[in-house]
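Chain by chain, the residues:
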Amino acid sequence: MKLANGIDVDSIVPENELEEEIIADIKAGRTKEVVTRCPPEPSGYWYIGHAKAWTINFETAQKFGGRTVLRMDDSNPVKEEGEFADSYMADLEWLGFKPAKFVYASEAYFDEIYKIAEKMIQNGDAYVCELSAEEVSATRGTLTEPGKNSPYRNRTPEENLKLFREMRDGKYPDGSKTLRAKIDMSHPNINMRDPVMYKIARQHHYRVGDKWCIWPQYDFVHPMEDCLEGTTYSLCDKGFQDHRVVYEWFVEHGWGKKYAPKQREFSRIVLENVLTGKRYLKQLVNGGYVSGWDDPRFPTLVGVRRRGYTAKAVKDFVKSVGWGSTIEVSVPYSALEYYVREDLNKIATRAMVVLDPLKVVITNFSGSEECEIENNPNDEAAGKHKCLFSNEIYIEKEDFSLNPPPKYNRLVEGGIVRLKGAYIIKCNKAVLNKNGEIDHLECEYLPNTKSGQDNSGIKCKGTIHFVSANNCFKVTIREFKNLVKDEYKFPAKALADGVKIEDMLQPDSLTETTALAENFLKDAKPEDKFQFMRKGYYCVDKDSTPNNLIFNSTISLKDGFKPNK
RNA sequence: AGGGGUGUAGCCAAGCGGUAAGGCACUGGAUUUUGAUUCCAGCAUGCGUAGGUUCAAAUCCUGCCACCCCUGCCA
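Residues numbered from 1 in each chain as written. Chains lettered and ligands numbered in written order. Predicted model: local features only at pLDDT ≥ 70, side-chain atom pairs only at ≥ 80, totals over all residues. Heavy atoms only, no water.

## Some words on the protein's contact with RNA strand B
Taken together, 67 residues surround RNA strand B, and among them Ser 186, Lys 199, Arg 350, Ser 451 and Gln 531 come closest. In RNA strand B, atoms within 4 Å of the protein come 59% from sugar and phosphate. One nitrogen or oxygen atom from the main chain of Ser 330 is found 3.0 Å from a sugar or linking oxygen belonging to RNA strand B. Among the secondary structure elements, those contributing two or more residues to the surface near RNA strand B are helix 6 (133–138), strand 6 (196–200), strand 11 (328–331) and helix 13 (333–347). (Near = heavy atom within 4 Å. Polar contact = N/O pair within 3.5 Å; in protein donor to acceptor, adjacent residues only side chain to side chain. Helix = DSSP H or I, 4+ residues; strand = E, 2+ residues; numbered from the N terminus.)

## Brief notes about the sheet that holds strand 17 (residues 392–396)
The strand order 23-20-21-22-14-17-24 describes an open sheet built from seven strands, whose pairing is mixed. Looking at strand neighbours, the two that pair on one side only are strand 23 (463–464) and strand 24 (467–468), the edges of this open sheet. When strand 14 (residues 357–362) meets strand 22 (residues 438–445), the two strands line up parallel, connected through four bridges. Residue pairing for strand 22: Val 361 is matched across the bridge by Glu 442. (Pairing = 2+ DSSP bridges.)

## A look at the sheet that holds strand 3 (residues 101–104)
Strand pairing within a sheet occurs via backbone hydrogen bonds; the two strands may be parallel or antiparallel. Strand order across the open sheet formed by three strands is 1-2-3, with parallel pairing between neighbours. Taken across any chain shown, the strands that pair with only one partner, and hence form the sheet edges, are strand 1 (35–38) and strand 3. In this sheet, neighbouring strand axes are inclined to one another by 25 degrees on average, regardless of whether the strands run parallel or antiparallel. Sheet topology places strand 2 (residues 67–72) next to strand 3; four bridges connect them, and they run parallel. Bridge pairing links Val 69 to Lys 101 in strand 3. Lying on the sheet, helix 3 (residues 83–95) is in contact with strand 1, strand 2 and strand 3; it crosses strand 2 at an angle near 155 degrees. This element, helix 8 (residues 218–229), spans strand 1, strand 2 and strand 3 of the sheet and lies at about 135 degrees to strand 2. (Axes fitted to C-alpha atoms, helices over the stretch in contact; angles between N-to-C directions. Contact = heavy atoms within 4.5 Å.)

## Considering the packing of aromatic side chains
With the rule as written, the count across this model stands at 28 aromatic pairs. Considering the side-chain rings of Tyr 45 and Trp 293, the 5.1 Å spacing of their centres and the 25 degrees angle between planes classify their relative orientation as stacked. Placement of Tyr 45 in the loop between strand 1 and helix 2 (48–63) and of Trp 293 in the loop between helix 10 (278–286) and helix 11 (301–307) is noted, with a sequence separation of 248 residues between them. The class of Tyr 45 is buried, set by a relative accessible area of 18%. By relative accessible area, Trp 293 is classed as buried at 18%. Ring geometry for Phe 530 and Phe 551: centres 6.1 Å apart, planes at 75 degrees, overall edge-to-face. Residue Phe 530 is located in strand 27 (residues 529–532), and its partner Phe 551 is located in strand 29 (residues 550–556); the two are separated by 21 residues in the primary sequence. Here Phe 530 and Phe 551 have matching classes, each one buried. Counting every residue linked through ring pairs, the aromatic cluster contains Phe 110, Tyr 114, Phe 164, Tyr 198, Trp 212, Trp 215, Phe 220, Trp 249 and Phe 250. The side chain of Arg 207 reaches across the aromatic face of Tyr 104, ending 3.7 Å from its centre. Just above the ring of Phe 561 sits the side chain of Arg 410; from NZ or CZ to the centre is 5.5 Å. (Phe/Tyr/Trp six-rings, centres within 6.5 Å; stacked < 30°, edge-to-face > 60°. Buried < 20%, exposed > 50% of the residue type's maximum accessible area, 1.4 Å probe, protein only. Lys NZ or Arg CZ within 6 Å of the ring centre and 35° of its normal.)

## Remarks on the nonpolar core
Judged by nonpolar contacts, the single largest core of 68 residues is most densely connected at Phe 64, Leu 92, Leu 275, Leu 284, Phe 298 and Phe 317. Broken down by element, this core gets its largest block of residues, seven residues, from helix 2. The residues touching Leu 275, leaving out its near neighbours within four places in the chain, are Tyr 280, Leu 281, Leu 284, Pro 299, Val 484, Pro 491, Ala 492, Leu 495 and Ile 501. In this structure, Val 69, Val 128, Ile 200 and Ile 214 belong to the second largest nonpolar core, which totals 37 residues. (Core = buried A, V, L, I, M, F, W, Y, C linked by side-chain atoms within 4.5 Å.)

## As for helix 13
For the α-helix, the turn length of 3.6 residues means that residues three or four positions removed from each other point alike. Taking 1.5 Å as the rise per residue, helix 13 with 15 residues should run 21 Å; its terminal C-alpha atoms sit 22 Å apart, in good agreement. All buried positions along helix 13 are accounted for by Leu 336, Tyr 339, Val 340, Arg 341, Asp 343 and Leu 344. (Expected span 1.5 Å × (residues − 1).)

## Quick notes on the pairing of strand 27
Residue alternation in strand 27 divides its side chains into two sets, Lys 529 and Gln 531 and Phe 530 and Phe 532, and both sets are buried. When strand 12 (residues 349–351) meets strand 27, the two strands line up parallel, connected through three bridges. In the sheet register, Thr 349 faces strand 27, and the bridge partner there is Phe 530. Bridging between strand 27 and strand 28 (residues 536–540) involves four bridges; their strand directions are antiparallel. Each bridged residue has a counterpart across the sheet, and for Lys 529 the counterpart in strand 28 is Cys 539. Remark: three residues form the turn of the hairpin made by strand 27 and strand 28, two consecutive strands paired antiparallel; Arg 534 in that turn has positive phi of roughly 70 degrees.

## A short note on helix 2
Given a rise of 1.5 Å per residue, 16 residues ought to cover 22 Å, and the 22 Å separating the end C-alpha atoms of helix 2 matches this to within 8%. Backbone geometry just after helix 2 places Gly 65 at a positive phi near 65 degrees.

## Comments concerning the pattern of salt bridges
Taken as a whole, this structure holds 50 salt bridges when the rule is applied. The closest approach of N and O atoms between Arg 71 and Asp 73, which form a salt bridge, is 3.9 Å. The class for Arg 71 is buried, based on a relative accessible area of 0%. Take Asp 73: its relative accessible area is 10%, and that puts it in the buried class. Taking the shortest distance from any N to any O, the salt bridge between Arg 534 and Asp 399 comes out at 2.3 Å. (Salt bridge = Lys/Arg side-chain N within 4 Å of Asp/Glu carboxyl O.)

Structure (structure tokens):
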């Protein structure tokens, strides 16, 4: 069984119920092409959670050789702004998804949707209601009681059509009338109790300006847009489950075609310990707590990108969570971090950077000598780069100890350690300053132990990284902690329960320090990703200048050192 | 006269009548010139609960329980 695009359906292995359903639809002749849509409302930035929606919509279509339309779902002029559309395009491009088409619903479909509304009026499926918002609410009934029919429910189609056209032409004040679907005021599903299709609001729209004073509402406009676009599977999150019957009602009564788009729902991801919510993040941006919507501590796609996460990691993560069975699924942040490390381990170039330097003098060596460092030990094709060993080097303070804990296999007085890519050195003396702190180390190098040509037979347990004084430069390092304190597993919930946002924030979530990097890093460009060996993954920040390279700490390496075991 | 969902390990999640996949986390151990990576091993006598059907039940039936969502002219 083949699709029109040549893909053999029998060769497709379904990975969830939706895909099983799609295959059945294709075999039954109900689906000719898989068309999905990506319908953001341009009212804020995208989070990691959105990446799940886009990944599911794009990859489901891709799997069946279909297409995905990017459609700005912009039917509410008070919430929407043009600037966001551009950021979505950039996010989508970053994620690697290419829409088959890009439209603003307001421009592309509102004329057609208006015509559908008129047709529904003529069919007796919609009526103009003059109840106020409060009255509509009061007559809707409750969770357990039926609603009451609007007194305007039984107007004739002619009367409704005349009134509706007058609404459109601006004859009535904002909020004075609505167009409502004539469904069932006693339906057990409240969404079916004559939902509003159009409201009156004189509001300037970022795309269509003042063309309209009436605006179609989600329950009506969304299924109609899907139909107009040829969407076959409208994949949204489970928050819309209750709206599925409304969707189907509008498809049947507004569109009327036998082969209709299907709405199917997946679960939302809630990352533990992560604050989301436009309202809250906006507070942090406006309050100066963060540098902007792309702050590396933010869960926005632009934020994690700046932090150094890769698109692959984000996509692999959302796919690992799966379709989901409940409305929200809470996932520990470590689950995301796993995929970040996994990808970075494969692609990040290794470099030596000393974050907290301790000077070491090699007493039996003079001048300097070239050594080589693998760019990625897991990928030979990544090649090698040169670095220098000399008589004055720097190592991490934590790689030397006067009182070493058990199993400490770094440098101690009288002990030896391997310098990565260079020689084994032996520490003869820790030279203290007048405060009793370590000023520098006096060491000797062991000839015949050079990396790659060691014939000394000396066994050395530890290997540490270093930079040579004549081969390093100062860089700025930005280290991040979670924005919110660890005790807030579900920050948005805590906020709703009355916790103050200021009390929730971790006081030192951003710290800036300097470090000594090997010269190899001098040409690094924003978004370049490195592994600072034995420390973590770092990504060049866009704030960098020619004289000041800034690295964002993306994520640390795992640390398996357990001194007390 | 409520409706819609969901219950499988600390967190996700397969499973669709044949005797509990996989991943994260965690714990051992091997390899390692990154205490990383990689590798290997361990991790539910148990599938919300009580019954029933069956040679056989997480899967089918019945009752009960728990949790989530829904009363915008937001999407």
